[in-house]
Amino acid sequence: MAAHGRSTLRDLFDDSPTPHIAHPPRTHHRHFYVATDGSYRRNDDGGGLGVVIEAHDGTRVARLSVPDAAPNNNVAEYRALHLGLDVLAARTPDDARIGVLVDHDNLAAAVNGEVLAGAGDGAEWRPTGGERIPPGSESHWRGICARIAGFDELRAARLDGRENPAHPLANAPGKYAHVNRRADRCIVPEPLGAGGEPRETAGGDANAEPQYPPPSRFEGRASD
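The model shown is predicted, which means the values in this text are computed figures rather than measured ones.

Scoring rules and cut-offs
Residues numbered from 1 in each chain as written. Predicted model: local features only at pLDDT ≥ 70, side-chain atom pairs only at ≥ 80, totals over all residues. Heavy atoms only, no water. Pairing = 2+ DSSP bridges. Helix = DSSP H or I, 4+ residues; strand = E, 2+ residues; numbered from the N terminus. Axes fitted to C-alpha atoms, helices over the stretch in contact; angles between N-to-C directions. Contact = heavy atoms within 4.5 Å. Buried < 20%, exposed > 50% of the residue type's maximum accessible area, 1.4 Å probe, protein only. Salt bridge = Lys/Arg side-chain N within 4 Å of Asp/Glu carboxyl O. Parallel < 35°, antiparallel > 145°, perpendicular 65-115°, else oblique. Left-handed = near helix turned anticlockwise from the far one by under 90°. Nonpolar A, V, L, I, M, F, W, Y, C, P; charged D, E, K, R; others polar. Core = buried A, V, L, I, M, F, W, Y, C linked by side-chain atoms within 4.5 Å.

Bringing the sheet that holds strand 2 (residues 47-55) into the picture now. Taken together, 5 strands build an open sheet; the order of strands is 3-2-1-4-5 and the sheet is mixed. Where the open sheet ends on each side, the last strands, each with one partner, are strand 3 (60-68) and strand 5 (153-158). Averaged over all neighbouring strand pairs, the angle between strand axes comes to 15°, with direction disregarded. Pairing between strand 1 (residues 32-39) and strand 2: 8 bridges, direction antiparallel. Across the sheet, Tyr33 pairs through a bridge with Glu54, a residue of strand 2. Docked against the sheet, helix 2 (residues 73-91) engages strand 1, strand 2, strand 3, strand 4 (97-102) and strand 5, running at close to 150° with respect to strand 1.

Moving on: the pairing of strand 2. For strand 2, the buried fraction is high: 9 of the 9 residues fall into the buried class. Along strand 2, one buried face is formed by Gly47, Leu49, Val51, Ile53 and Ala55 and the opposite face, lined by Gly48, Gly50, Val52 and Glu54, is buried too. The turn joining strand 2 and strand 3, which pair antiparallel and follow one another in sequence, is formed by 4 residues; a positive phi near 95° is taken by Gly58.

Now for the pattern of salt bridges. For the structure on display, the rule yields 7 salt bridges. For Arg30, the salt bridge is made with Glu153, and the minimal N-O distance between the two is 3.3 Å. Here Arg30, found in the loop between helix 1 (9-14) and strand 1, pairs with Glu153, found in strand 5; they are 123 residues apart in sequence, far enough to count as distant. Note on Arg30: relative accessible area 0%, which makes it buried. With relative accessibility at 27%, the residue Glu153 sits in the partly exposed group. Here Arg158 makes a salt bridge to Asp105, at a shortest N to O gap of 2.9 Å. Linking Arg158 in strand 5 with Asp105 in helix 3 (residues 105-117), this pair joins segments that are 53 residues apart in sequence. What makes Asp105 partly exposed here is its relative accessible area of 46%. Each of Arg30, Arg97, Glu153 and Arg155 takes part in one network of salt bridges that share partners.

The next subject is the packing of helix 3 against helix 4 (residues 138-150). Interhelical geometry of helix 3 versus helix 4 gives an angle of 45° and a closest axis separation of 10 Å. What the angle tells us is that helix 3 and helix 4 run oblique. In this structure, the crossing between helix 3 and helix 4 has a hand that is right-handed. Here Leu107, Ala110, Val111, Glu114 and Val115 of helix 3 come into contact with helix 4, specifically with Trp141, Ile144, Cys145 and Ile148. Looking at the contact of helix 3 with helix 4, its residues break down into 8 nonpolar, no polar and 1 charged.

In this section: the nonpolar core. With 32 residues, the main nonpolar core has Leu85, Ile98, Val100, Val111 and Ile144 as its most contacted residues. Among the elements of the structure, strand 1, strand 2, strand 3, helix 2, strand 4, helix 3, helix 4 and strand 5 are those that each provide at least two residues to this core. Counting residues per element, this core draws most heavily on helix 2, at 7 residues. Those residues in contact with Leu85 that lie beyond four places of it in its chain are Val34, Val100, Ile144, Arg147, Phe151 and Leu154.

Rendered as structure tokens:
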């Protein structure tokens, strides 16, 4: 369960706008929520990637704080979401409904635009505006799109960076390196109840071996 006094990702998602997709509060609850953030540093300290994943009841699934040397902030944000969705896919069932939280406007809009474009009756729909993929992020965007297609349902919300729980993990990977050594949980959600609300459940094996991609897959690698 969520720690006392800490907002769950579900709460943050409910309070945040979902670009291009109507999102009345407490009517589109997900099985799982993932918050990601990427940081970019000009100096030798480098930046990092932060990931926080929770079940709908606030149960912590995974946290990552990975050093990374992205060429700019945009690439860092796309890398972080790519990593977060890879971790999520390894720890959750394919039929899960996913809520994504990022503090990057264009990334949130691009994710929801991709979701709508891939819908059965909205294949021709494309958002207008500034959702072009930043140069250097193309390979990560392809990975993000593949993960979007692999989940039963997904939508993204844009939250304030000051409220993003992945922000400190991305900005101080040296300080938070210990979170990578904690065992992740495999949690199988209960079927959705009436009105699309997940039935209250929490389970999983706290001793399960982590199955997230190694940091070397992302650290210091420029996008194609």
